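# Coordinate inspection notes
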Amino acid sequence: MEKPNEIYKYIDSNKILNHNEISDLLRKAHEYLQENNKTEEAKKCKWDRMITDLVIDPAYKNKEFAAQPFSPMLVGADGCIYPNIESFTDESLAYFESRAETTRNLFLQTRYNDFLWFKKKDHKRAKIAVEKYLELGNILFAKKEYLDSFQYFNRALSLSITLNNEQLITQSVSTIFNLIDQNIRNKENRWVIELAEMLIEHKKFLSSKELEGLANKILTAAKSYKSGQPNNLHIFRKIISLAERIYRRLDKTEKANSISLEIANSFEEDAKNKTEGYTIKSAVAVHYIKQALDVYQRLPGYNDKKKKLLLKIKELNEKTINNMKKFEERIEIPNEEIEKMLEPIRVASVDQIINYLIFEDNFLPSFEEALERAKGLSEKFVFSHIFSPEVLDHQNNIIYRAVTEEEKLEFQAIRNDLLLHYRLIYSIYFREVINILNNKGLKDKDIIKHFDGSPIISDDRVYILSVAIERFLSNDYISFIHIGALQIEGIIRDLLSIMGIPTSRVNEKGFFGERTYNSILGEDELKDLLGDRLYPFIKFTQSDIRGFNFRNYLAHGLMKYDFFDEFAACVILLILLKLCRFKIQKREENE
């Protein structure tokens, strides 16, 4: 399925093809049309790509575009906006009108009709969009593709309210109510949270009777969830707190306060149960008891209870302090083990050692294994996993915060495992390998010939790298790092281009500009090519704010003096060498 007409036929005949699949197919069609100078068809395909890549999920909205139903997929630091809503012409709108009548794909039907409503305020189009959103949402919900279905239900309800169409509002609200009932029947109570939040967000369009009915459904879901998942009180609290919000909205204070008591009790239950098996039991218990106390502080009365909790917190804090011990963790590796690792290196020639560094990845740690270790530690040392770790910029502004459990685990795997492993490998292994090479008379030409022999490294780049290697061997790490780190990015961009993956994108003025480094590193084909050890080594040392981030700090002039050390230089040299491993193998036309 290579040609654009075949791609369009496949898209239009497939009712539930999702937006990611459509975007990928349209990219291939657009590239084909451009390569074959099909200017008019390429222009229309570009419109389809742009309208497909618009974002409607409010969770992803950029603040600049909060007043619009559609947001750009990308807003670059350089001012680049893609897709830029202002770039759609009357000609493109006329094209969308014709496409809306011919495609059977539900996603495109929602997108064309909703966008035409937004640009032309065509109420007929808006009504069609609502009906298609509900149809697509129901299909995806049945397939358990919940997150996509939620954004379509939410957009259907929002658009119905914007139109002030009572029939569509009732249809949208009834659909969501029915799905809440279905989830409760199927004991899939976790997803009641998002469905109920949609209705609560638009609560002024619900009657008091409907709101109270919703609160009762939420209570049923919360109790059912707790009976099935007694150890996950966090989700129980998220569900039941929605009912509390509704009752306070309805001025049913007594019912709302009774739910607050259930929430406080659940925190005390967590304090009692979730400390078993953890190293810092008292500190964990304090965290949950403070949460319970916060709830009681908002309730009238319960003075004795509040005093008891305060005394409990004081008692546990004292216990925690008394149990705190100063400790030192040391890693001891027997000399014979290190010598065993280095033995084949000591007897090898310079060329054999360099080839080993190019092709062998086993001495690099695996990110997946680090993640598994982080999961194990999070269960044993829960206190260290409660709080959200942060990354600060050079002005001490928060630029990243790990919030979800998955983000916290990844952060721990990177910061407390991979980065330490990389330094350990350098300290006991790679630095000694460099010393062995120097003792064997390493010359710059011994390394440069591998760059020169690589089909993915251009002659110009070989010359630049030859200067870098000369700086490395003379211990001028500041110069080497400035040159080498940016050349890694250049080689990766060249590699992607050879693989047929574009490393540039069109800006709002229609001109091509380079994609960000993180964007190109996110390509799945590149991850597969580099493998599960080399890929994270490049990502977490060069361009991830959770890692060393050498390249990004360097590119923005933020790399501190003490970062320009032998460790950073060795990391960059190792990556440059490993990028020499790739060859180009042409396929026959029939393959």
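These numbers come from a predicted model, not from an experiment. (Residues numbered from 1 in each chain as written. Predicted model: local features only at pLDDT ≥ 70, side-chain atom pairs only at ≥ 80, totals over all residues. Heavy atoms only, no water.)

Along the backbone of the protein there are 26 helices and six strands. Looking at the protein residue by residue over its 591 residues, the buried ones come to 47%. Surface summary for the protein: the accessible area is close to 31700 Å², and the carbon and sulfur share equals 49%. (Helix = DSSP H or I, 4+ residues; strand = E, 2+ residues; numbered from the N terminus. Buried < 20%, exposed > 50% of the residue type's maximum accessible area, 1.4 Å probe, protein only. Areas by Shrake-Rupley, 256 points an atom, 1.4 Å probe, with all protein chains shown as cover.)

So, on to the nonpolar core. Of all hydrophobic cores here, the largest spans 102 residues; its most connected members are Phe96, Phe115, Leu195, Leu199, Leu214 and Ile218. Leaving out residues up to four positions away in the same chain, leucine 199 has contacts with Leu157, Val173, Ile176, Phe177, Ile180, Leu206 and Leu214. Within the second largest apolar cluster, 79 residues are counted, among which are Ile469, Leu534, Ala568 and Leu574. (Core = buried A, V, L, I, M, F, W, Y, C linked by side-chain atoms within 4.5 Å. Contact = heavy atoms within 4.5 Å.)

Now for the confidence of the model for the protein. Any segment with low pLDDT has predicted coordinates that should not be analysed in fine detail. Taken residue by residue, the protein gives an average pLDDT of 84. The fraction at 70 or more is 87%. Confidence, expressed as mean pLDDT per element, reaches its minimum in the protein at helix 18 (residues 383–386) with 55 and its maximum at helix 4 (residues 90–102) with 95. The low-confidence segment residues 587–591, where pLDDT is below 50, has zero contacts with residues more than four positions distant or belonging to other chains. (pLDDT = per-residue confidence, 0-100.)

Once that is clear, we can look at the environment of phenylalanine 115. Among the secondary structure elements, phenylalanine 115 is positioned in helix 5 (residues 106–120). Note on phenylalanine 115: relative accessible area 0%, which makes it buried. Remark: the alpha-carbon pair of phenylalanine 115 and proline 69, spanning 46 residues in sequence, is separated by 8.9 Å. Sequence-distant contacts of phenylalanine 115, that is, excluding residues within four places in its chain, are made with Ile51, Leu54, Phe70, Ile85, Phe88, Leu93 and Phe96.

Scanning the model with the defined rule gives 27 aromatic pairs in all. Centre to centre, the rings of tyrosine 133 and tyrosine 152 are 6.0 Å apart; their planes meet at 25°, and the pair counts as stacked. Here tyrosine 152 lies in helix 7 (residues 146–163) and tyrosine 133 lies in helix 6 (residues 123–142), a separation of 19 residues in the sequence. Clustering of aromatic rings is evident, with ring pairs tying together Trp47, Phe70, Phe88, Tyr95, Phe96, Tyr112, Phe115 and Phe118. (Phe/Tyr/Trp six-rings, centres within 6.5 Å; stacked < 30°, edge-to-face > 60°.)

Let us look at the pattern of salt bridges. As enumerated under the stated definition, the model contains 39 salt bridges in all. One salt bridge connects aspartate 48 with arginine 99, and the closest N-O pair in it is separated by 3.9 Å. With aspartate 48 in helix 3 (residues 39–53) and arginine 99 in helix 4, this residue pair connects regions lying 51 residues apart in the sequence. Look at aspartate 48 and you get buried, because its relative accessible area is 1%. When the shortest N-O distance is used, the salt bridge between arginine 190 and glutamate 194 registers 2.9 Å. What emerges from the salt-bridge pattern is a single network uniting Asp24, Arg27, Lys28 and Glu31. (Salt bridge = Lys/Arg side-chain N within 4 Å of Asp/Glu carboxyl O.)

Let's shift gears to helix 19 (residues 405–439). Here helix 19 spans 48 Å end to end across 35 residues, near enough to the 51 Å set by a 1.5 Å rise per residue. Taken as a whole, helix 19 carries its principal kink of about 50° at tyrosine 426. At the exit of helix 19 stands glycine 441, carrying a positive phi of roughly 85°. (Expected span 1.5 Å × (residues − 1). Bend = angle between axes of the 7 residues up to and from the residue.)

The next point concerns the packing of helix 16 (residues 350–359) against helix 26 (residues 566–578). Contact geometry for helix 16 and helix 26: axes closest at 7 Å, N-to-C directions at 85°. As summarised for this structure, helix 16 and helix 26 are arranged roughly perpendicular, according to the angle between their axes. Every residue of helix 26 that contacts helix 16 at Ile354, Leu357 and Ile358 is listed here: Leu574, Leu577 and Lys578. For the contact of helix 16 with helix 26, the per-class residue count stands at five nonpolar, no polar and one charged. (Axes fitted to C-alpha atoms, helices over the stretch in contact; angles between N-to-C directions. Parallel < 35°, antiparallel > 145°, perpendicular 65-115°, else oblique. Nonpolar A, V, L, I, M, F, W, Y, C, P; charged D, E, K, R; others polar.)

Secondary-structure assignment places arginine 237 in helix 11 (residues 233–249). Residue classification places arginine 237 among the buried positions, given a relative accessible area of 9%. Sequence separation of arginine 237 and phenylalanine 267 is 30 residues, and the distance between their C-alpha atoms is 9.0 Å. Apart from the residues lying within four places of it in its own chain, the contact partners of arginine 237 are Ile263, Ser266, Phe267, Asp270 and Tyr288.

Within the sequence span of helix 20 (residues 444–452), burial applies to Asp446, Ile447, Ile448, His450 and Phe451. Structurally, helix 20 contributes buried residues whose contacts are with helix 16, helix 21 (459–473) and helix 26.

Glancing now at the packing of helix 8 (residues 166–185) against helix 9 (residues 192–201). One can describe the packing of helix 8 onto helix 9 by two numbers: an axis separation of 10 Å at closest approach and a directional angle of 155°. Regarding the angle of helix 8 to helix 9, the classification is roughly antiparallel. The handedness of the crossing between helix 8 and helix 9 comes out as left-handed. Contacts between helix 8 and helix 9 involve Val173, Ile176, Phe177, Leu179, Ile180, Asn183 and Ile184 from the first element and Val192, Leu195, Ala196, Met198 and Leu199 from the second. Here the residues of the contact of helix 8 with helix 9 are counted per class, giving eleven nonpolar, one polar and no charged. (Left-handed = near helix turned anticlockwise from the far one by under 90°.)

This part takes up the side chain of serine 466. Summarising the element assignment, serine 466 is placed in helix 21. Among the residues examined, serine 466 registers a relative accessible area of 19% and is labelled buried. One polar contact links the side chain of serine 466 to the main-chain carbonyl oxygen of tyrosine 463, over a distance of 2.5 Å. (Polar contact = N/O pair within 3.5 Å; in protein donor to acceptor, adjacent residues only side chain to side chain.)

So, on to the environment of leucine 136. When you line up the elements, leucine 136 lands in helix 6. A residue is classified by how much of its surface remains accessible, and leucine 136, at 3% relative accessible area, is buried. Leave out the neighbours within four places in its chain, and leucine 136 touches Ile16, Leu106, Phe107 and Tyr152.

Cis rather than trans, the peptide bond between tyrosine 82 and proline 83 has omega equal to -15°. Here proline 83 is to be found in the loop between strand 2 (81–82) and helix 4. Positioned with a positive phi, asparagine 37 is a non-glycine residue whose angle comes to about 55°. Tracing the backbone shows asparagine 37 in the loop between helix 2 (19–35) and helix 3. Residue classification places asparagine 37 among the exposed residues on the basis of a relative accessible area of 65%.

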